[in-house]
Amino acid sequence: MNIQLKKPIKVNGKETSEVTIKEEYSAGDMIRIQNSKGKGEGEAFAAVVIAATGWDITTVSQLNSKDFIRINNAAQPFLVDGVE
(Lines give C-alpha, C1' and ligand atoms only; values in the text may rest on other atoms or scores of the structure.)
Protein backbone atom coordinates (compact mmCIF):
# COMPACT_ATOMS: atom_id res chain seq x y z
CA MET A 1 0.00 0.00 0.00
CA ASN A 2 1.39 3.42 -0.96
CA ILE A 3 0.75 6.62 0.97
CA GLN A 4 1.49 10.10 -0.37
CA LEU A 5 3.16 12.22 2.31
CA LYS A 6 1.67 15.63 2.99
CA LYS A 7 5.22 16.92 3.53
CA PRO A 8 8.21 15.26 1.80
CA ILE A 9 11.12 14.09 3.97
CA LYS A 10 14.69 12.98 3.30
CA VAL A 11 15.32 9.24 3.37
CA ASN A 12 18.94 8.21 2.92
CA GLY A 13 19.71 11.70 1.60
CA LYS A 14 16.96 11.60 -1.04
CA GLU A 15 13.71 13.56 -0.86
CA THR A 16 10.71 11.24 -0.61
CA SER A 17 7.04 12.14 -0.99
CA GLU A 18 5.59 8.61 -0.93
CA VAL A 19 5.99 5.60 1.33
CA THR A 20 5.11 1.96 0.76
CA ILE A 21 3.52 0.36 3.80
CA LYS A 22 4.29 -3.31 4.39
CA GLU A 23 1.29 -5.60 4.34
CA GLU A 24 3.02 -8.51 6.10
CA TYR A 25 4.82 -8.34 9.44
CA SER A 26 7.28 -10.72 11.05
CA ALA A 27 7.19 -12.05 14.59
CA GLY A 28 10.19 -9.79 15.24
CA ASP A 29 8.14 -6.75 14.17
CA MET A 30 5.33 -7.77 16.52
CA ILE A 31 7.73 -8.37 19.42
CA ARG A 32 9.27 -4.90 18.99
CA ILE A 33 5.82 -3.29 18.74
CA GLN A 34 4.52 -5.09 21.83
CA ASN A 35 7.68 -4.34 23.84
CA SER A 36 7.39 -0.65 23.01
CA LYS A 37 3.92 -0.40 24.58
CA GLY A 38 5.36 -0.23 28.09
CA LYS A 39 7.39 2.85 27.11
CA GLY A 40 4.35 4.97 26.18
CA GLU A 41 1.93 5.55 23.35
CA GLY A 42 4.43 7.57 21.28
CA GLU A 43 6.94 4.71 21.36
CA ALA A 44 4.24 2.23 20.32
CA PHE A 45 3.16 4.46 17.41
CA ALA A 46 6.79 4.86 16.36
CA ALA A 47 7.37 1.10 16.51
CA VAL A 48 4.44 0.50 14.16
CA VAL A 49 5.61 3.20 11.72
CA ILE A 50 9.19 1.87 11.81
CA ALA A 51 7.95 -1.67 11.12
CA ALA A 52 5.60 -0.47 8.37
CA THR A 53 8.15 1.66 6.52
CA GLY A 54 11.49 0.04 7.33
CA TRP A 55 12.82 3.49 8.23
CA ASP A 56 14.87 4.19 11.35
CA ILE A 57 13.69 6.43 14.20
CA THR A 58 15.68 9.41 12.89
CA THR A 59 13.86 9.25 9.56
CA VAL A 60 10.46 8.62 11.16
CA SER A 61 11.02 11.62 13.44
CA GLN A 62 11.07 13.90 10.38
CA LEU A 63 7.50 13.00 9.44
CA ASN A 64 4.72 15.55 9.62
CA SER A 65 2.48 14.56 12.54
CA LYS A 66 -0.46 13.91 10.20
CA ASP A 67 1.68 11.62 8.03
CA PHE A 68 2.92 9.81 11.15
CA ILE A 69 -0.67 9.12 12.24
CA ARG A 70 -1.82 8.19 8.71
CA ILE A 71 0.98 5.63 8.34
CA ASN A 72 0.23 4.16 11.77
CA ASN A 73 -3.49 3.91 10.97
CA ALA A 74 -2.83 2.40 7.52
CA ALA A 75 -0.66 -0.33 9.03
CA GLN A 76 -3.15 -1.37 11.72
CA PRO A 77 -5.33 -3.69 9.58
CA PHE A 78 -2.24 -5.70 8.61
CA LEU A 79 -1.25 -6.38 12.23
CA VAL A 80 -2.67 -9.37 14.08
CA ASP A 81 -5.78 -8.06 15.85
CA GLY A 82 -4.40 -4.53 15.48
CA VAL A 83 -2.29 -2.66 18.01
CA GLU A 84 -3.77 -0.12 20.37
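First things first, this report covers the structure right here in the doc. All figures in this text were calculated on a predicted structure; none of them were measured in a lab.

**A word on the environment of Thr20**
Piece 1. Here Thr20 lies in strand 2 (residues 14-20).
Piece 2. Each C-alpha atom of the pair Thr20 and Val60 lies 13 Å from the other, and the pair is 40 residues apart in sequence.
Piece 3. Residues within four places of Thr20 in sequence aside, it is in contact with Met1, Asn2, Ala52 and Thr53.
Piece 4. Of note is the side chain of Thr20, whose polar atom sits 2.6 Å from the side chain of Asn2.

**Quick word on the packing of aromatic side chains**
Piece 1. Under the counting rule described, the total for this entry stands at one aromatic pair.
Piece 2. On the basis of an interplanar angle of 35° and a centroid distance of 6.0 Å, the ring pair of Phe45 and Phe68 is categorised as tilted. Of this pair, Phe45 sits in helix 2 (residues 41-53) while Phe68 sits in helix 4 (residues 65-75), and the two are 23 residues apart along the sequence.

**Some thoughts on the packing of helix 2 against helix 4**
Piece 1. For the pair helix 2 and helix 4, the least separation of the axes is 9 Å and the interaxial angle reads 70°. Regarding the angle of helix 2 to helix 4, the classification is roughly perpendicular. In this structure, helix 2 uses Gly42, Phe45, Ala46, Val48, Val49, Ala52 and Thr53 to contact helix 4, whose residues at the interface are Phe68, Ile69, Ile71, Asn72 and Ala75.
Piece 2. Its residues assigned to classes, the contact of helix 2 with helix 4 shows nine nonpolar, three polar and no charged.

**Considerations on the side chain of Asn72**
Piece 1. Along the chain, Asn72 falls in helix 4.
Piece 2. On the accessibility criterion, Asn72 (3% relative accessible area) is buried.

**With respect to the nonpolar core**
Piece 1. In this structure, Leu5, Val19, Ile21, Tyr25, Trp55, Leu63 and Ile71 are the most contacted members of the largest nonpolar core, which totals 23 residues.
Piece 2. Elements represented by at least two residues in this core include exactly strand 1 (2-11), helix 1 (27-36), helix 2 and helix 4.
Piece 3. Val19 has contacts with Met1, Asn2, Ile3, Leu5, Thr53, Trp55 and Ile71, leaving out every residue within four places of it along the chain.

Criteria and cut-off values
- Residues numbered from 1 in each chain as written.
- Predicted model: local features only at pLDDT ≥ 70, side-chain atom pairs only at ≥ 80, totals over all residues.
- Heavy atoms only, no water.
- Helix = DSSP H or I, 4+ residues; strand = E, 2+ residues; numbered from the N terminus.
- Contact = heavy atoms within 4.5 Å.
- Polar contact = N/O pair within 3.5 Å; in protein donor to acceptor, adjacent residues only side chain to side chain.
- Phe/Tyr/Trp six-rings, centres within 6.5 Å; stacked < 30°, edge-to-face > 60°.
- Axes fitted to C-alpha atoms, helices over the stretch in contact; angles between N-to-C directions.
- Parallel < 35°, antiparallel > 145°, perpendicular 65-115°, else oblique.
- Nonpolar A, V, L, I, M, F, W, Y, C, P; charged D, E, K, R; others polar.
- Buried < 20%, exposed > 50% of the residue type's maximum accessible area, 1.4 Å probe, protein only.
- Core = buried A, V, L, I, M, F, W, Y, C linked by side-chain atoms within 4.5 Å.

Honestly, that's just the spatial picture; any functional story needs more than this.
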